[in-house]
Structures are given as structure tokens and as C-alpha cells.
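# Chain and residue survey
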Amino acid sequence: MSTVLVAFPELDGTQACRDSDPELFFPNPSDAAGLAKAKAVCATCPLLRPCAAYALTHAVAGVWGGTSESDRQRLQRRHGMPQRVVWSSPSASTRQEEATS
Ligand code: SF4
């Protein structure tokens with residue numbers, strides 16, 4: 001099944017994360033409190049839907065559109081979408097991503 005790649009959302013200055021430390025959105029996947037903090041910011045964001053749609057169709061690390069990597073993997077499986085695998089290194093600046101299909 002092919003999936004249309006959703007365009008990166010237009011960041012018009014209303015994004016709720018605009019003044020946040022970017023590291024907030026890259027908690028350890030097992031850090032439930034860290035994930036909840038990032039998702040709480042996204043919950044107030046007017047760009048939540050386009051941001052989540054972008055993340056679902058790309059291999060991105062961290063919390064996007066109120067979804068964690070494992071949330072997106074679950075949604076991709078549930079909806080028969082290609083699984084996107086993110087290969088992460090310890091440094092956010094050196095993350096590499098790769099789509100499996
Ligand atoms: S949904 Fe979350 S990650 Fe996406 S732009 Fe809004 S605050 Fe930032």
C-alpha cells in the first residue's frame with residue numbers, strides 16, 4: 001500500500017512549541033513523564049493535525065503532533081500504512097531516518 005507523503009506543516013508562528021526547548025520533544029521513549037510533557041504542549045497547538053499527519057508519513061524521531069514514535073507505529077500498523085523506522089543516535093543533531101518501505 002502506498003501512502004501519500006504529507007507536506008511539512010507551514011509554521012506560521014502559532015505553533016505551540018515555538019518557544020520550547022527542542023529537547024523537550026525528544027524524551028527517552030521509556031520516559032512517560034517526558035512524553036506527557038511534550039504531548040501536553042502539542043495538545044494546545046493549532047498545527048496538531050497537520051504536524052501529526054506529516055510525522056505519520058515520514059520517519060521522524062520524537063514527539064510530533066502529539067504522537068510519540070510508538071504511537072505512530074501503532075497508528076501506521078492499524079491503518080495499513082508503511083512502517084517508518086527511525087534510527088536514532090544519542091545526539092538529536094545526528095539522528096538518521098530511514099523508511100522501510
Ligand atoms: S503539534 Fe507539537 S510538535 Fe507539532 S508544531 Fe505543534 S507543538 Fe510543535
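Here, the structure is the one placed above.
First, a word on scope: everything that follows refers to the structure included in this document. In this text the structure is predicted, and so the values were computed from the model without any measurement.

A count of helical and extended segments in the protein chain gives three helices and two strands. Here the protein chain, with 101 residues, has 19% of them falling under the buried criterion. Expressed as a percentage of contacts within the protein chain between residues at least 6 apart in sequence, the contacts between residues at least 24 apart total 51%.

So, about the site of the ligand. Around the ligand, a shell composed of 13 residues is seen, among which Gln-15, Cys-17, Cys-42, Cys-45 and Cys-51 lie nearest. When contributions to the shell around the ligand are tallied by element, the ones reaching two or more residues are α1 (32-43) and α2 (48-56). Residues of the shell around the ligand, tallied by class, amount to ten nonpolar, three polar and no charged.

Once that is clear, we can look at the environment of Pro-27. By the secondary structure assignment, Pro-27 is in the segment before α1. The residues contacting Pro-27, other than those within four sequence positions of it, are Gly-34, Leu-35 and Ala-38.

Phe-25, Leu-35, Ala-38, Cys-42, Cys-51, Ala-52, Ala-55, Leu-56, Val-60, Val-63 and Trp-64 together form the largest nonpolar core, which totals eleven residues. Secondary-structure elements contributing two or more residues to this core are α1 and α2. If you tally residues by element for this core, the top one is α2, at four residues. Contacts of Ala-55, omitting those with residues within four sequence positions, involve Val-60, Trp-64, Gly-65, Thr-67 and Arg-72.

Compared with the 16 Å implied by 1.5 Å per residue over twelve residues, the 16 Å span of α1 between its first and last C-alpha is a close match. Within the span of α1, buried status applies to Leu-35, Ala-38 and Cys-42. Take α1 and look down its axis: the buried residues cluster within an arc of 70°, on one side only. The outward face of α1, more than 90 degrees from its buried face, is lined by the exposed residues Ala-32, Ala-33, Ala-36, Ala-40 and Ala-43. Contacts from the buried residues of α1 go to α2.

Structurally, Cys-42 is set in helix α1. Cys-42 sits 25 residues away from Cys-17 along the chain, and the two C-alpha atoms are 7.3 Å apart. Beyond its immediate stretch of four places on either side in the chain, Cys-42 contacts Ala-16, Leu-48, Val-63, Gly-65 and Gly-66.

Procedures and definitions
Residues numbered from 1 in each chain as written. Predicted model: local features only at pLDDT ≥ 70, side-chain atom pairs only at ≥ 80, totals over all residues. Helix = DSSP H or I, 4+ residues; strand = E, 2+ residues; numbered from the N terminus. Buried ≥ 20, exposed ≤ 12 C-beta atoms within 10 Å, placed from the backbone. Contact = placed C-beta atoms within 7 Å. Near = placed C-beta within 6 Å. Nonpolar A, V, L, I, M, F, W, Y, C, P; charged D, E, K, R; others polar. Core = buried A, V, L, I, M, F, W, Y, C linked by C-beta atoms within 7 Å. Expected span 1.5 Å × (residues − 1). Arc of directions from axis to C-beta.

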